[in-house]
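# Structural features, examined
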Amino acid sequence: MRFSAAAREKVFVAALLTPGLLFVVTFAFYPILYSVYLSLHRIVLGIPSLGRPFTGIDNYLRLLEDRVALHSLINTLLFVFTTTGFEILCGLIIAILINRSFKGRGIARAAILVPWAIPTVVSSQMWRFIFNDKYGLLNYIFYGNDTHAYTAWLAHPATAFAAIVIADVWKTSSFAGLIILAGLQVIPDELYRAARIDGASPWQQFRRITLPLIKPAILIALLFRTVDAFRVFDLVFVMTQGGPADSTNVLQFYGYKKIFTEGLMGYGSTISVFVFIISLVVSLLYIRVVGTRLFREK
Amino acid sequence: MQEEIIRLFELEHPDIKVVREIGPHSSTAFHDLLTQKLKNRSEDVDVFLMDVIWPPEFGAAGWAMPLDELFPPSERAKFLEGTVLANTYRGKIYGVPLFIDSGMLFYRIDLLRKYGVTPPETWQEMVTQAEIIVSGEAKEGSELYGFSGQFKQYEGLVCNMMEYILSNGGEILDKETGRPGLSGKASIGAVDFVRKHIIGKTAPVGVLTYQEPESLDLFIQGKAVFHRNWPYAWQVSNDPERSRIAGTVGIARLPHFPGGRSYATLGGWQAGVSSHSKNSKAAWEFVKFLTGEKAQKIFALKGGRPPTRKALYEDEEILESYPHFGDMKEVFITAYPRPVTPLYPAVSNILQRYFSTAISSADIRLENKAREASKEIDKIIEMGK
């Protein structure tokens, strides 16, 4: 039997695509669909006699009434807004700094990425020590040897929350910086030269040339950071376990507790699906904005 | 120590080989990992250790094999009663007690003697004694706090708070009705006492971030007069290499409120056999050996872990090395289990949130928070029926 050239090419293309597709289906689509499936059932590991009855959207209705879920949603949103805001700002500063040429720039660029390369669990542990009430570095910097003045940063709801924000900003600003740096590097030098000839001040150059041209990069950094911040878990797990007074409880941590500690597979999955939907909506929104902008430029 | 016991076991049973797997230090993290395996019907777990609060859950979920025939009442009678109860759920027994733990009060013998006081009977007495000692020592320039315990939002918080509530005549879950007792006057009073007189007063406010290691650290640095912990702290605080206060540590029953009696939260570890084990016979042999007198004695002598077998509290060799075990037995007899329900983890998370909120702020209306928490617990219990 013989195939036409076109048919053969189709088979070839399909063969090349299959492994990648299988990978995505197994590791992305299947878990997502399975979570959705679980979220529509009532499954309590501690009571197997319950079986796994289908309950429709019951779990979702329960989620709407769940005081703790609402509280952790607010915490999560607050965390997302503050961290992404600071991270973009710090990232911008980092990017501008390491875009200039100076001696040792290579080392500086590498060094700035170190926080991002450290596993979050490790850096969270480090920050937990820094904020420690008895031997923490932060207390030492503020109060030196006056140990009576030492503050228990992680013991107060507001400062504990600030602590996880700081730890996250420290860790991921450089990632935002890296993306923005990529945006900076494609700006042609002629634009600045022309601006200088026209007598534009450095501030004007920044506002009128740099900022508009790196907007797409900033948006991409924002997208990555927002979606990532919604999934915050390890920081909370290591630093505070959601306390004190539940002030650092975030959605993903709450969902984790439901599934792994309490054995509420169905309800816990509902929380995960909820986080997934939020991330999806946010991503679609950003992609639309970024997409049209890039399109218009072309 | 564990290796030694495994070696001894393998010598006695040459046909059985034991592979030891080490889990996370935190009980909650260990629970999450182990239940994940059991839920997936993993066959690589034959024998597991259970924290004292797990047997009902493991039994109800069908993860732990019922041991009624292998571990008959005549054998059970050789163990401390509370530990056997903790392994029993709906009339069946799911584990064999290995170590017992219970909350107890550690204090500085030297400081109490210096100020002419004896270990406190009531919480109020403890607060007053701590005030006198701390202010006295402050004049001499030493940095000292009155008390350290575990008040971070985690399982240990429930253990600590339970001791205040029960010793005030309050309760977490009513024994007869099974309904939450957080809104009761005695329970509210006890929580109010903790937030007004312990957190940020007798104890540094940092205890809100302390689990066992951090709180013990404060004590062995010589910076706390009183300390609430599990028995292992005795070993650590008397080890001159790690502790600045070795040799000056006393233990006592936890204080109570006037009119109440002292309560200690029961802790400890049990050995269970997985329902999915393909080697359940060999697994049981190992459990029997692990919880037997010989192994428990090694754990006691080498690790300072209090045994669950009554007879070992009269063992001369153990009492010689650990004279305090005699006193500890007193505490162990009164040790009180946490609420017994397969949904305990869910109940505990509600309690943790409530207690942490209640003691982190001095102006929250406890009654409202207690009512909210009770409602949530009711819902969970309803689900378990």
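In this report, the structure presented in the accompanying data block is examined.

What counts and what doesn't
- Residues numbered from 1 in each chain as written.
- Chains lettered and ligands numbered in written order.
- Predicted model: local features only at pLDDT ≥ 70, side-chain atom pairs only at ≥ 80, totals over all residues.
- Heavy atoms only, no water.
- Helix = DSSP H or I, 4+ residues; strand = E, 2+ residues; numbered from the N terminus.
- Rg over C-alpha atoms; globule rule 2.2 N^0.38 Å.
- Buried < 20%, exposed > 50% of the residue type's maximum accessible area, 1.4 Å probe, protein only.
- Contact = heavy atoms within 4.5 Å.
- Areas by Shrake-Rupley, 256 points an atom, 1.4 Å probe, with all protein chains shown as cover.
- Lys, Arg positive; Asp, Glu negative; His and termini not counted.
- Charge placed at Lys NZ, Arg CZ, Asp CG, Glu CD.
- Axes fitted to C-alpha atoms, helices over the stretch in contact; angles between N-to-C directions.
- Left-handed = near helix turned anticlockwise from the far one by under 90°.
- Nonpolar A, V, L, I, M, F, W, Y, C, P; charged D, E, K, R; others polar.
- Pairing = 2+ DSSP bridges.
- Buried area = accessible area lost by both parts, 1.4 Å probe.
- Salt bridge = Lys/Arg side-chain N within 4 Å of Asp/Glu carboxyl O.
- Polar contact = N/O pair within 3.5 Å; in protein donor to acceptor, adjacent residues only side chain to side chain.
- 1 Å grid on protein atoms, 1.4 Å probe; cavity = no way out; pocket = protein on both sides within 12 Å on 5 of 7 lines; lining within 4 Å.
- Points joined across faces, edges and corners; volume = space filled by probe spheres on them.

A count of helical and extended segments in chain B gives 17 helices and 10 strands. Here the C-alpha atoms of chain B give a radius of gyration of 21 Å, agreeing with the 21 Å that 2.2 N^0.38 yields for 385 residues. Along the first, second and third principal axes, the C-alpha atoms of chain B reach 65 × 50 × 35 Å. Counting only residues that meet the buried cut, chain B has 58% of its 385 residues in that class. If you take every contact in chain B between residues at least 6 apart in sequence, the share linking residues at least 24 apart comes to 70%. Put simply, chain B shows about 16,200 Å² of open surface, and 51% of that area lies on carbon and sulfur atoms. Of the charged side chains in chain B, 45 are positive and 50 negative, and the gap between their average positions amounts to 4 Å.

This next bit is on the packing of helix α8 (residues 155-166) of chain B against helix α9 (residues 185-198) of chain B. Between two packed helices, the angle of one axis relative to the other and the distance separating the axes together describe the packing. Residue and element names in this part refer to chain B. At a closest axis distance of 8 Å, the pairing of α8 and α9 adopts a crossing angle of 120 degrees. When the axes of α8 and α9 are compared, the crossing they make is right-handed. Contact with α8, carried on its side by M161, Y164 and I165, involves S187, A190, V191, V194 and I198 of α9 and no other residues of that element. Class assignment for the residues of the contact of α8 with α9 results in 7 nonpolar, 1 polar and no charged.

So, about the environment of G136 of chain B. Residue and element names in this part refer to chain B. With respect to the helices, strands and loops of the structure, G136 is situated in helix α7 (residues 123-139). Take G136: its relative accessible area is 13%, and that puts it in the buried class. The spatial distance from the C-alpha of G136 to the C-alpha of L85 is 45 Å, given a sequence separation of 51 residues.

Moving on, we get to unusual backbone geometry. Residue and element names in this part refer to chain A. Going from G243 to P244, the amide bond is cis rather than trans, its omega being -10 degrees. A positive phi angle is found at A245, which is not glycine, with a value near 55 degrees. Structurally, A245 can be placed in the loop between α11 (234-239) and α12 (251-261). Given the relative accessible area of 17%, A245 is considered buried.

Residue and element names in this part refer to chain B. Here strand β8 (residues 249-252) shows no split at all, with V249 and I251 on one side and G250 and A252 on the other all buried. Where strand β5 (residues 104-108) meets β8, 4 bridges bridge the pair, whose relative direction is antiparallel. Bridge assignment links L105 to a residue of β8, and that residue is A252.

Tracing the chain through its elements places K152 of chain B in the loop between β6 (145-148) and α8. For K152 of chain B, a relative accessible area of 5% translates into the label buried. Residues K152 of chain B and Y89 of chain B, spaced 63 residues apart in sequence, show a C-alpha to C-alpha distance of 29 Å. In this view, K152 of chain B contacts R128, M239, T240 and Q241 of chain A together with L157, V207, L208, T209, Y210 and Q211 of chain B; residues no more than four positions away in its chain are not counted.

Residue and element names in this part refer to chain B. The sheet built from 4 strands is open, its strands ordered β6-β7-β5-β8 with mixed pairing. The open sheet has two edge strands, β6 and β8, and neither has a second partner. This sheet shows a mean twist of 20 degrees between the axes of neighbouring strands, independent of strand direction. Where β6 lies against strand β7 (residues 224-229), 3 bridges are found, and the strand directions are parallel. Following the sheet pairing, S148 is matched in β7 by H227. Of the strands in this sheet, β5, β6 and β7 are in contact with α7, which crosses β7 at around 145 degrees.

Turning next to the interface of chain A and chain B. Contacts between the two partners involve 35 residues from chain A, matched on the other side by 37 residues from chain B. For the pair chain A and chain B, the summed buried area comes to about 3,000 Å², and 54% of that belongs to carbon and sulfur atoms. In this assembly, chain A and chain B are joined by 4 salt bridges. Close ionic contact of R128 of chain A with E214 of chain B constitutes a salt bridge, the shortest N to O distance being 3.3 Å. Inspection of the chain A/chain B interface yields 10 residue pairs in polar contact (both at pLDDT 80 or more). Those elements that place two or more of their residues in the side of chain A that touches chain B are α3 (67-99) and α12 of chain A. If you tally residues by element for the side of chain A that touches chain B, the top one is α12 of chain A, at 5 residues.

Residues and elements named next belong to chain B. Of note, R195 is situated in helix α9. On the basis of relative accessible area, R195 is assigned to the buried category, the value being 12%. In this structure the C-alpha to C-alpha distance between R195 and S360, which are 165 residues apart in sequence, comes to 7.2 Å. Filtering out sequence-adjacent residues up to four positions away, R195 remains in contact with A358, I359, S361, A362, D363, I364 and L366. Of note is the side chain of R195, whose polar atom sits 3.0 Å from the side chain of D192.

Under the definition given, this model contains 5 cavities of 30 Å³ or more. Of the volumes computed, that of the largest cavity is approximately 160 Å³. Lining the largest cavity are 16 residues, and of these T261 of chain A together with T28, I53, E155 and P345 of chain B sit closest to its centre. Those elements giving two or more residues to the lining of the largest cavity turn out to be α12 of chain A together with α2 (27-39) and α16 (344-360) of chain B. The greatest single-element share of the lining of the largest cavity, amounting to 5 residues, is contributed by α16 of chain B. Of the residues contributing to the lining of the largest cavity, the split by class is 5 nonpolar, 8 polar and 3 charged. What lines the second largest cavity is simply Q241, D246, N249, F253, Y254, K257, K258 and E262 of chain A together with Q153, N349, Q352 and R353 of chain B. If one sorts the elements of the lining of the second largest cavity by residue count, α12 of chain A sits on top with 4 residues.

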